Every structure is written in structure tokens, then in C-alpha cells.
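Overview (structure and organization)
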Amino acid sequence: GLLYGRSTMSMICTGSAVSRAYKAGGKYANAEFIQVHPTAVPGADKLRLMSESARGEGGRVWVPRKPQDARDPKDIPVDERYYFLEERYPEYGNLVPRDIATREIFDICTTDGLSVEKDRLCVYLDLTHIPRETLDRKLGGILEIYEKFQGVDPRVAPMKIFPAVHYSMGGLWVDYEKSETGGLVEGSPRNQQTNIHGLYAIGECDYQYHGANRLGANSLLSCIFSGLFCASGVISGSKGKAPLETSREFVAAVKRQEDYHQSILSRPAGESNPYDIHQQLGNIMTRTATVVRRNDQLVQAYDDVCQLENVWQNCSLSDTGNWTNQNVVFTKAVGDMFPIAKLLLKGALLRDECRGAHYKPDFAMPGIAATEPEEQRAEAERWCDRFEANTRKWLKSTIGVHGDDGHPVITYEDVDTTLIPPRPRLYGLVGGEVIEQVWKERTEKVTEAASVG
Ligand SMILES: Cc1cc2nc3c(=O)[nH]c(=O)nc-3n(C[C@H](O)[C@H](O)[C@H](O)COP(=O)(O)OP(=O)(O)OC[C@H]3O[C@@H](n4cnc5c(N)ncnc54)[C@H](O)[C@@H]3O)c2cc1C
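Throughout this description, residue numbers start from 1 for each chain and increase along the sequence as written. Owing to the predicted nature of the model, reporting of local features is limited to residues with pLDDT of at least 70; listing and counting of side-chain atom pairs is limited to 80 or more, with chain, interface and lining totals taken over all residues. Only hydrogens and water are set aside; all other atoms, that is, all heavy atoms of the structure, feed into the side-chain values.

All right, on to the site of the ligand then. Throughout, near means a residue has at least one heavy atom within 4 Å of the molecule or strand. Taken together, 15 residues form the shell around the ligand, and within it Ile12, Glu204, Ala217, Ser219 and Leu220 come nearest. Between an oxygen atom of the ligand and a side-chain N or O atom of Glu204, the distance comes to 2.5 Å. Here a polar contact means two N or O atoms within 3.5 Å. Within protein one must be a hydrogen donor candidate and the other an acceptor candidate, and residues neighboring in sequence count only if both atoms are side-chain atoms. Between Ala217 and the ligand, the recorded distance is 2.9 Å, taken from a backbone N or O atom to an oxygen atom. A 1.4 Å probe and the Shrake-Rupley method give the accessible areas. Residues count as covered only by the protein chains that appear here. Out of a free accessible area of 1,000 Å², the ligand has 46% covered by protein chains. Mapped by element, the contributors of at least two residues to the shell around the ligand are strand E7 (159–168) and helix H6 (218–238). A run of H or I in DSSP becomes a helix once it reaches four residues, and a run of E becomes a strand once it reaches two; helices and strands are each numbered from the N terminus.

Quick look at the structure:
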């Protein structure tokens, strides 16, 4: 989270542990897949989540049709409000998935210039049409948070929200042992083990379950499941092994960390400070590697991050004491952010497609432009051809290894789709129903051929 400066995540989510495992030779997968949550409350210190349950309980997202309409939102008549999710996605309305809601909110503010405020990008998330008693019963906790930090009661005035970095689908690569039915073999020491023998990663720090875009509520499910189900494998894998603390390797690693700590403390005074460097890093990452990604910007961002890393090598500490020194802890954490930032940017640069949370407009697949049924059909066939080619090329996990020169080395690994084959995702796409029909016929043909064979 802190890689982006501000996010919905806790202020302790620095990524240091995964970064150090990566630098020690651990494979890091799918770094470029970062989920941006559509509804967060902007704050100077951090971005606070406005839970999806607000939309789930009937919250409506809108902007005034007149740019930066200064009227009180309650005084803006309904026909002068643009309920853009409902208009653009009539079937799903405000319940479109996270990445789509995020892009639309971002787009309405940046491309259409309809942000509610001029100097701060935001849209309205409106619950005021829902009875107070229902809101208190179902959403009391989250509404209190909004009221506490914004000083406005969301039961009587629409909330102002904007997307924020929220979750990392990528993480340390972990293994698993596949059972005959396609699940996990219970008790296998391979489950959730990284490529560093004996090092396990479980939870948001691993890459295992969420592909390019996590579905709401699935994170707790996956980290609790992995923890419960795979713990027995960790125990069986470590049975009979000597404790690591006694090994020469461990003692040498501790010494290296202590020397590193001291070397930072004894740096001569420099011109830059770690807090400023961190802010610059967050700005670069937020600008180039969130909702919309473009290759020219990613190339530039990679260079900028490398330069910033050089500056960090010589940044100075305002506190060089040896007791509860927060300055040195933060400086080390900032240093740990660079390898992951570079991997994320490189992964995003190389992935020339749109998949889940990774969106590059230059590679988006447009809907059907034709109006005549025959032409529509032909276009849908071409669309499906392109989808299949793209799937063959890009339905892969990105595997990053920390190179000796400090730059990431990237390869790709196939994704096991034997249980659920991939299919087009067509939310709101013009001509989606024709594509769906063509796809259905193709799938039926393949199934028929397989059963004959
Ligand atoms: C605001 C918010 C709301 C969310 N809501 C939902 C939801 O409704 N449903 C859902 O499924 N998911 C939700 N998520 C995501 C989900 O909460 C997280 O993905 C999940 O809690 C991660 O759990 P974890 O155990 O993997 O990591 P964490 O909970 O981050 O635990 C990691 C622990 O490791 C410790 N640690 C870090 N570095 C070190 C180190 N170097 N040495 C030792 N210890 C270290 C940390 O202090 C922390 O205690 C939400 C996330 C946020 C930010």
C-alpha cells in the first residue's frame, strides 16, 4: 500500500517482508495486478475505504450534469444528475464490478471533466434516499467512519468518494500439490511454499488465488482458507528439521542485516530525506500504475523510480540515535519499496493487454461497431478470434526474479484452467450479446468434438 504513498491499506503495509524475500531469491508473481477500489474517502494522511456494501444496499453514484455545479446536491433536480453507472450499464447499474466502477468514476472526472469539485477529483455516492433506520441497522459502522473524518452525515448528504489503491493480487509465488480432482492435496508441504525451501507465504503476501482481479470478500476467504488448510503441510514439512537459528547461514544473514542497519545510521548528512523520496515514489506510482496505464508513461516511471532509488542510497536521517529510531525503520522500508515498484512497472509495461485490474486503453478490445446482423456476426467472430489469441498469449502468471543488477527478470508461467475454462468478460460491451452467442456456439462445438473423440 505504501508503495503508492496513500491507499486504503494500513500504514504499516510497506511491503518490506515480501521485498526482502524477493531480493533473497524468492519469485514474485503478478506484481502488476493491483486492485483500485472504486469508493474511498480521500484524506490527507490516507485514503479510507467506503465499503462496497454502500452500493450493495442501494447507494447510487452520480455527478451533476453541469460541471462543478455549486448547488447543494439536494437542490439539484434528478434530471440534472448524471447517474452514469446506471445509464452506461443498465443491466448492473451501481453494482458493476470493482474495476469497471473504478474506471468509470476515474473517466467521468478526468475525461468528461464532471468531477464534483474542481481541485479534488470526486463523485457523489448517495444513500440519502434510504430510510435512516435501515442505514443505521445495515451500514452504521461505515457511515460513522465517514462522518468522523469528513464531518458530514452521509444519511442527509451524499458522500464524496474517489477510487483508491486497495489490494495487491500479486505476491510471492507459492507452490501447491494438485489432487486428482484438481484441488489441493491435504497436508502436502508444497502447499503455499515459496521457491525458497521452508519459506511459506499465506495471505495477501502470496499471489495464489486472485489472478488479475480479486472479487469482493474473497481475500479473507483465501487467507483464512490457506492458513487453515495448509498449516498441516507446514508442520509436516518442518518435522525433524533443526531450528534455523542455529544454522551458520541464519547467523550470517542476521549479521548482514545488522551491518546494513548500522550503515544507514552512519550515513553522512545528505540533501534529500526519506519522507520526501517516499512521497515522490507514491506520486509516480499513483500517476502511472493505477487505473489507466500507458506504455510511454510506464517507461518514464521506471526510469524515474531508478533515479529515485539512487537518491535514496544517499539520503540522510534526521535521527541517528540507536533507541526507538522511527527514522531508520522508515528509511529501510522505503529502500525495500524500490525492487517491488520496479517489478510492478516492468510487469505492467510488458503486459500489452487488458486483464482485470490492468487496463491499457491502447490494447482494449472495442465492442461491435456494425449495425447489420450479418456484419455484426462477422465482427463478433473476429472479436472471439482475437480473444482466443490474447488468451493463448497472456493468460499467464508473470514471474519476477530479482536480477543481480537490481533490475527484475520476467518470465511467464501457464495458469491451470482445467476446472474453469476462460470465457469473455462482456460487461456493458456494445454487441456483447452477439459475441456471447458466437462464443457459446464455439464452446458447444469444442465440447461436441471432445465427446466424439
Ligand atoms: C480497509 C480494508 C477493508 C477490507 N475489507 C475486506 C473485506 O470486506 N473482505 C475481504 O475479503 N477482504 C477485505 N480486505 C482485504 C483483507 O482485509 C486483507 O487482504 C487481509 O486482511 C490480509 O490478511 P493477511 O493476514 O494476509 O495480512 P495482514 O492482515 O496485513 O497481516 C500481516 C501481518 O504481518 C505483520 N508484518 C508485516 N511486516 C512484518 C515483518 N517484517 N515482520 C513481522 N511481521 C510483519 C503486520 O504487522 C500484520 O500484522 C480489506 C482491506 C482493507 C485495507
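This next bit is on the pattern of salt bridges. For this analysis, a salt bridge means a side-chain nitrogen from Lys or Arg found within 4 Å of a carboxyl oxygen belonging to Asp or Glu. Applying the stated rule across the entire model yields 36 salt bridges. Close ionic contact of Asp153 with Arg132 constitutes a salt bridge, the shortest N to O distance being 3.2 Å. Note that Asp153 is positioned in the loop between helix H5 (132–150) and E7 and Arg132 in helix H5, a separation of 21 residues in sequence. Note on Asp153: relative accessible area 16%, which makes it buried. Burial classes follow relative accessibility: with a 1.4 Å probe on protein chains only, a residue under 20% of its type's maximum area counts as buried, one over 50% as exposed, and anything between as partly exposed. With a relative accessible area of 45%, Arg132 lands in the partly exposed category. Among the ionic pairs, Arg355 bridges to Glu353, the shortest N-O distance being 2.7 Å. With relative accessibility at 1%, the residue Glu353 sits in the buried group.

The next point concerns helix H12 (residues 432–452). Residue pairs three or four apart in sequence face the same way in an α-helix, which turns once every 3.6 residues. Across its 21 residues, H12 extends 30 Å between first and last C-alpha, which sits within 8% of the 30 Å expected from 1.5 Å per residue. Among the residues of H12, Gly432, Val434, Ile435, Val438, Trp439 and Arg442 are the ones counted as buried. The arc that holds every buried residue of H12, seen down its axis, measures 165 degrees, which confines them to one face. Those residues of H12 that are exposed and angled more than 90 degrees off the buried face are Glu433, Glu436, Thr447, Glu448, Ser451 and Val452. Given the number of residues in a helix, its expected span is that number minus one, multiplied by 1.5 Å. Note that the arc is computed from the directions linking the helix axis to the C-beta atoms.

This next bit is on the sheet that holds strand E6 (residues 123–126). For sheets, the rule is that strands pair by backbone hydrogen bonds, running either parallel or antiparallel. For two strands to count as paired, DSSP must find a minimum of two bridges between them. The antiparallel open sheet is built from six strands, whose spatial order is E3-E2-E7-E6-E4-E5. The open sheet has two edge strands with one neighbour each: strand E3 (48–49) and strand E5 (81–82). With three bridges joining them, E6 and E7 adopt antiparallel strand pairing. Bridge assignment links Tyr124 to a residue of E7, and that residue is Lys160.

Glancing now at the packing of aromatic side chains. Geometry of aromatic contacts follows a simple scheme: Phe, Tyr and Trp rings, the Trp one being its six-membered ring, pair when their centres are within 6.5 Å, and the pair is stacked under 30 degrees between planes, edge-to-face over 60, tilted otherwise. According to the stated counting rule, one finds 13 aromatic pairs in the structure shown. With 6.2 Å between their ring centres and 70 degrees between their planes, Tyr22 and Tyr28 make a pair best called edge-to-face. Side by side, Tyr22 and Tyr28 carry an identical accessibility label, which is buried. Working rule: Lys NZ or Arg CZ, within 6 Å of ring centre, within 35 degrees of ring normal, means a charge sits over the ring. In this arrangement the basic side chain of Arg60 is found over the ring face of Tyr83, its NZ or CZ atom lying 3.8 Å from the centre. Here the guanidinium or amino end of Arg81 rests over the ring plane of Trp62, the centre of that ring lying 4.2 Å away.

Attention now moves to the sheet that holds strand E8 (residues 171–172). With antiparallel pairing, the four strands of this open sheet are ordered in space as E8-E1-E9-E10. This sheet does not close on itself; its edge strands, each paired only once, are E8 and strand E10 (408–414). Inspection of the sheet shows strand E9 (residues 396–402) paired to E10 by seven bridges, in the antiparallel sense. By the bridge assignment for E10, His402 is matched with Pro408. Here, residues are in contact when the closest pair of their heavy atoms is within 4.5 Å. To get an axis, fit a line to the C-alpha atoms, keeping to the stretch in contact for a helix; angles then go from 0 to 180 degrees between the N-to-C directions. Strands strand E1 (28–29), E8, E9 and E10 of the sheet are contacted by helix H1 (residues 16–23), whose axis makes an angle of about 75 degrees with E9.

Below, the discussion takes up the domain arrangement of the protein chain. Domain ranges listed in this record stem from an automatic or a database domain assignment. Domain parsing of the protein chain yields domain 1 (2–33 + 169–350), domain 2 (40–167) and domain 3 (365–452). Computed over C-alpha atoms only, the centres of domain 1 and domain 3 are separated by 31 Å. With 23 residues of domain 1 at the interface, the matching set in domain 3 holds 18 residues. Two parts placed together each lose some accessible area; with a 1.4 Å probe, that loss summed over both constitutes the buried area. Counting the surface lost from both domain 1 and domain 3, the interface buries some 1,500 Å², and carbon and sulfur atoms represent 51% of this. Broken down residue by residue, the surface that domain 1 buries against domain 3 is led by Tyr22, Lys27 and Leu350, which jointly contribute 26%. For the pair domain 1 and domain 3, the number of links is one salt bridge. Measuring nitrogen to oxygen at the nearest pair gives 2.6 Å for the salt bridge that ties Asp416 to Lys178. At the boundary of domain 1 with domain 3, the tally comes to nine residue pairs in polar contact (both at pLDDT 80 or more). Contributing elements (two or more residues each) for the side of domain 1 that touches domain 3: H1, E1, helix H9 (295–313) and helix H10 (326–350). Ranked by residue count, the leading element in the side of domain 1 that touches domain 3 is H10, at six residues.

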